[in-house]
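Breakdown of the fold
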Amino acid sequence: MTQAAALLAEYVLTELSRPDGPAGPGSGLPLNRRLYEALRRALLDGRLGPGDRLPSSRELAQDLRLSRNTVVAALEQLGAEGYLVSRVGSGTYVHDQLPRVRAGTRPPPRADAAHLPGLSARGQGLVQHHSARDLEIQPFTPGAADFSAFPVALWQRLQNRHWRAARPEMLDYTTSGGYGPLRRAVADHLRVSRHVRLEPEQVLITTGTQQSLELCARLLADVGDTVWMEDPGYWGAIKAFTACGLRLHPVPVDDEGWAPPPASAPAPRLIYVTPSHQYPTGAVMSLARRHALLARAAEANAWVLEDDYDSEFRFDSAPIASLAGLDDDGRVCYLGTFSKVLYPGVKLGYLVVPRAWIEAFRQAHYDLHRPGQLPLQAALAEFIEMGHFATALRRTRQTYAERRARLLQALAPVLSLPGVQITGAAQGLHLCLRLPPALDDRAIAATLAAEGISVRPLSAYALARQDLRGLLIGYGYAQPALIAPCAQRIVAVVQQALG
Ligand SMILES: Cc1ncc(COP(=O)(O)O)c(C=O)c1O
């Protein structure tokens with residue numbers, strides 16, 4: 001068996017044996033359908049690329065210990081759906097136009113490659129790509145805040161007050177991009193703590209970063225335009241851009257964050273970055289790179305989307321000033337969220353747009369989303385004005401700093417292993433444990449998941465890169481008593497994987 005065939009067989013056998021997986025024994029599907037599903041996943045996951053040759057049906061049957069009829073039925077189905085092509089006398093190959101899942105590395109899905117009848121090609125692309133939906137909140141889930149500590153009683157009192165006083169116009173849609181006092185409170189906060197130069201008119205209240213991204217993509221780019229995406233990068237942004245029909249061009253991230261791509265890279269219309277704490281590696285973009293990025297954006301006449309998702313939580317030093325604060329050209333849209341300091345289900349975030357676009361964005365926001373929820377926004381404005389937001393921030397920052405310190409201490413032994421290091425621990429709610437490229441981070445994460453420890457393999461965030469191995473470990477939600485024992489298991493599993 002060749003090494004490629006062995007890897008494919010191993011992947012397929014794993015998929016076939018995962019009890020709750022779509023190809024697993026619990027799916028209730030006949031074996032040929034399960035095999036079809038497992039092979040399709042191998043293709044969409046990038047285990048085989050366009051033009052790659054598959055082992056023959058006889059070899060596959062042997063490697064997988066299945067009947068040849070089962071294998072042939074699965075391959076025929078994949079052929080009929082456009083995933084595979086047979087060349088007489090030569091074998092079976094992955095179609096040159098394999099539907100895109102690793103965004104930017106392959107062409108978009110073809111409508112005739114549909115396997116979910118009725119979904120558009122864009123819909124196929126969306127549902128086939130990795131999703132964060134299975135990201136159940138567990139002690140080490142990356143990015144999760146400990147919203148269990150949110151002052152619910154106070155919040156309820158504020159909401160009741162605004163509901164009692166609600167005038168009829170508070171029950172209408174909002175045409176001005178959000179409740180005025182909330183936009184003012186956000187502008188004051190950003191001016192002081194993020195050094196963004198802005199007027200409240202530039203702030204739009206949205207339902208969070210997803211909606212802000214989508215609004216920017218719809219207003220600033222056309223279908224088929226290119227967006228430069230950090231590689232590895234944030235799934236939410238990949239989804240939003242894919243849904244808007246944009247092409248993703250992966251730009252590798254290193255220790256200084258986003259590294260400018262060569263001049264030969266496709267010209268961007270949008271550039272998406274997380275400069276304060278790159279998601280997921282945690283790199284902080286250096287000042288030189290920030291200036292280089294703004295210069296490249298100006299050169300290409302592109303717009304920059306700065307996702308500043310967790311900069312409120314910087315532990316050992318003052319927060320890093322925003323990229324938007326360096327923008328003299330009106331090119332940066334700044335995106336923030338209340339998901340981390342309040343709770344994710346509050347569904348409130350903000351988008352700061354350059355002055356020239358205030359009216360266009362307000363109108364599009366109104367036409368596309370019919371924004372409302374003014375009593376909720378009024379309660380939040382008061383929450384901020386009365387100093388509760390600052391208190392919540394101080395308290396949660398302290399909580400996360402302690403959890404981070406415990407986690408770092410418990411992970412310390414792993415740092416003596418060759419090729420292992422921690423990045424991104426200075427800020428936010430997660431850190432990244434980098435592993436040597438030879439290790440299989442997905443297998444390590446799966447082993448830990450089986451023990452109830454939910455960490456994410458770094459390679460799952462890659463767009464085009466093959467060299468990324470690591471574990472994203474969240475500490476925001478981790479209860480202190482669980483941190484040391486869970487971290488010790490992580491250390492042990494990594495140690496074992498290293499042999
Ligand atoms: C990079 C990044 N941006 C934004 C968000 C938050 O987005 P939202 O406001 O849609 O909850 C997250 C959440 O984990 C994130 O990781």
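An unreviewed UniProt entry lists the protein under the name HTH-type transcriptional regulatory protein GabR, with Tepidimonas taiwanensis given as the organism. Listed under Sequence similarities (unreviewed entry) in UniProt, the entry text for the protein is "In the C-terminal section; belongs to the class-I pyridoxal-phosphate-dependent aminotransferase family."

**Some details on a nonpolar patch on the surface**
A cluster of nonpolar residues, Leu116, Leu119 and Val127, forms a patch on the protein surface that exposes about 230 Å² of accessible area. Note that Val127 resides in helix 5 (residues 121–128).

**Quick look at the site of the ligand**
Surveying the vicinity of the ligand reveals the residues Gly208, Thr209, Gln210, Tyr234, Tyr272, Tyr279, Asp307, Tyr309, Thr337, Ser339 and Lys340. Within the side chain of Asp307, a nitrogen or oxygen atom sits 2.6 Å from a nitrogen atom of the ligand. For the ligand, an oxygen atom lies 2.8 Å from a polar atom in the side chain of Lys340.

**Let's talk about the side chain of Thr226**
You can see Thr226 is positioned in strand 4 (residues 226–231). On the accessibility criterion, Thr226 (13% relative accessible area) is buried.

**What to know about the packing of aromatic side chains**
The relative placement of two aromatic rings is captured by the distance of their centres and the angle of their planes. Taken as a whole, this structure holds 18 aromatic pairs when the rule is applied. When the centroid spacing of 5.9 Å and the interplanar angle of 35° are considered together, the rings of Trp228 and Trp258 count as tilted. Note that Trp228 is positioned in strand 4 and Trp258 in strand 6 (residues 257–258), a separation of 30 residues in sequence. Under the relative-accessibility criterion, Trp228 is labelled buried at 2%. Residue classification places Trp258 among the buried residues on the basis of a relative accessible area of 0%. Measuring from centroid to centroid gives 5.8 Å for Tyr279 and Tyr461, while their planes differ by 70°, and the two rings are edge-to-face. Residue Tyr279 is found in the loop between strand 7 (270–273) and helix 10 (287–300), and its partner Tyr461 is found in the loop between strand 13 (456–457) and strand 14 (470–474); the two are separated by 182 residues along the sequence. Taken as a pair, Tyr279 and Tyr461 share a single burial class, namely buried.

**Observations concerning the environment of Arg434**
Inspection of the secondary structure puts Arg434 in strand 12 (residues 430–434). In the structure, Arg434 is positioned 410 residues away from Gly24 in sequence and 31 Å away in space, judged by C-alpha atoms. Excluding anything up to four places from it in sequence, Arg434 contacts Thr281, Gly419, Val420, Gln421, Thr423, Leu458, Leu468, Arg469 and Gly470. Within polar-contact distance, the side chain of Arg434 engages the side chain of Thr423 at 3.4 Å.

**Thoughts on the pattern of salt bridges**
This model, assessed by the stated rule, comprises 17 salt bridges. With a shortest N-O distance of 3.8 Å, Arg362 and Glu359 are connected by a salt bridge. With Arg362 and Glu359 both in helix 11 (residues 358–369) and three residues apart, this pair spans about one turn of that helix. A relative accessible area of 14% means that Arg362 is categorised as buried. Note that Asp467 is salt-bridged to Arg465, the shortest N-O span being 3.0 Å. Residue classification places Arg465 among the buried residues on the basis of a relative accessible area of 18%. One connected set of salt bridges, linked through shared partners, spans Glu37, Arg40 and Arg41.

**Regarding the sheet that holds strand 3 (residues 203–206)**
Here eight strands make up an open sheet; going across it, the order is 3-10-9-8-7-4-5-6 and the pairing mixed. Whereas interior strands pair on both sides, the edge strands pair on one side only; in this sheet they are strand 3 and strand 6. Two elements, strand 8 (residues 303–307) and strand 9 (residues 332–337), share four bridges in a ladder whose sense is parallel. Residue pairing for strand 9: Val304 is matched across the bridge by Val332.

Quick notes on the rules
Counting from 1, residues in each chain are numbered in the order their sequence is written. In keeping with the predicted nature of the model, local features appear solely for residues at pLDDT of at least 70, side-chain atom pairs appear and are counted solely at 80 or more, and the whole-chain, interface and lining totals rest on all residues. Values shown for side chains rest on all heavy atoms present in the structure; no hydrogens or waters enter the calculation. UniProt positions are given in the numbering used here, feature names are shortened, and annotations may be inferred rather than shown by experiment. Each patch is built from salt-bridge-free residues with over 30% relative accessible area, joining like charges within 9 Å and nonpolar side chains (Val, Leu, Ile, Met, Phe, Trp, Tyr) within 5 Å. Exposure was quantified through the Shrake-Rupley algorithm and a 1.4 Å probe, taking into account, for residues, occlusion by the shown protein chains and nothing else. A side-chain nitrogen of Lys or Arg and a carboxyl oxygen of Asp or Glu constitute a salt bridge if their distance falls within 4 Å. Numbering goes from the N terminus for both helices and strands, where a helix is a DSSP run of H or I of at least four residues and a strand is a run of E of at least two. Proximity criterion: a residue is near a molecule or strand once any of its heavy atoms comes within 4 Å of it. For the purposes of these results, a polar contact is taken to be a pair of N or O atoms within 3.5 Å, where, inside protein, one atom must be able to donate a hydrogen and its partner to accept one; residues adjacent in sequence count only when each atom of the pair is a side-chain atom. Three exposure classes are used, based on accessible area relative to the maximum for each residue type with a 1.4 Å probe and protein chains only: buried under 20%, partly exposed in between, and exposed over 50%. In this analysis, rings of Phe, Tyr and Trp, with Trp reduced to its six-membered ring, are considered paired at centre separations within 6.5 Å, and the interplanar angle assigns stacked below 30 degrees, edge-to-face beyond 60, and tilted for intermediate values. Whether two residues are in contact is decided by their heavy atoms, any of which lying within 4.5 Å being enough. Note on pairing: DSSP must find at least two bridges between two strands before they are called paired.

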